[in-house]
Amino acid sequence: MLNDRENILNALREKPLKVYEVMKRANIANEEACQTLLLKMRDEGSVKFDIHKGRWLIA
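Heads up: these notes are all about the structure in this document. (Residues numbered from 1 in each chain as written. Predicted model: local features only at pLDDT ≥ 70, side-chain atom pairs only at ≥ 80, totals over all residues. Heavy atoms only, no water.)

1. Focus: helix H3 (residues 31-44)
Compared with an ideal rise of 1.5 Å per residue, which puts 14 residues at 20 Å, H3 spans 20 Å between its outermost C-alpha atoms and is within 8% of the ideal. Every buried residue of H3 is accounted for by Cys34, Leu37, Leu38 and Met41. For H3, the buried positions fall inside an angular range of 100° around the axis, keeping them on one side. Turned more than 90 degrees from where H3 packs its buried face, Glu32 and Asp43 sit exposed. Taken from the residues just after H3, glycine 45 is the one with a positive phi, measuring 95°. (Helix = DSSP H or I, 4+ residues; strand = E, 2+ residues; numbered from the N terminus. Expected span 1.5 Å × (residues − 1). Buried < 20%, exposed > 50% of the residue type's maximum accessible area, 1.4 Å probe, protein only. Arc of directions from axis to C-beta.)

Spelled out as C-alpha cells, the structure:
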C-alpha cells in the first residue's frame, strides 16, 4: 500500500491526471482500490481533486 502511494505521487508529479491515467501510470489494476487510496490521500492532504476538470493533482 505504501508503494502504491509513492507510485501515485510519482505519476502526479508530471501533470494532473484522471483516475484511469493514474491507474496506468501507477500500475494499479483495481479501479476501486485506486479510487479509495486517492480519497484517503485527499483526506490526508497529499493530493487534491479538481472537480471542474475531473483530475487529481498533488496538493
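2. Considering the side chain of arginine 5
Tracing the backbone through its elements, the reader meets arginine 5 in helix H1 (residues 2-14). Looking at arginine 5, the relative accessible area reads 18%, which means it is buried. For arginine 5, the contacting residues outside a window of four places in its chain are Leu37, Lys40, Met41 and Glu44. (Contact = heavy atoms within 4.5 Å.)

3. Considerations on the packing of aromatic side chains
Overall, the coordinates contain 1 aromatic pair when judged by the stated rule. On the basis of an interplanar angle of 55° and a centroid distance of 4.9 Å, the ring pair of phenylalanine 49 and tryptophan 56 is categorised as tilted. Here phenylalanine 49 falls in the partly exposed class, since its relative accessible area comes to 37%. For tryptophan 56, a relative accessible area of 2% puts it in the buried group. (Phe/Tyr/Trp six-rings, centres within 6.5 Å; stacked < 30°, edge-to-face > 60°.)

4. A word on unusual backbone geometry
Phi is positive for asparagine 27, close to 60°, though the residue is something other than glycine. Locating asparagine 27 in the fold gives a position in the loop between helix H2 (19-26) and H3. The exposure class assigned to asparagine 27 is exposed, which follows from its relative accessible area of 69%.

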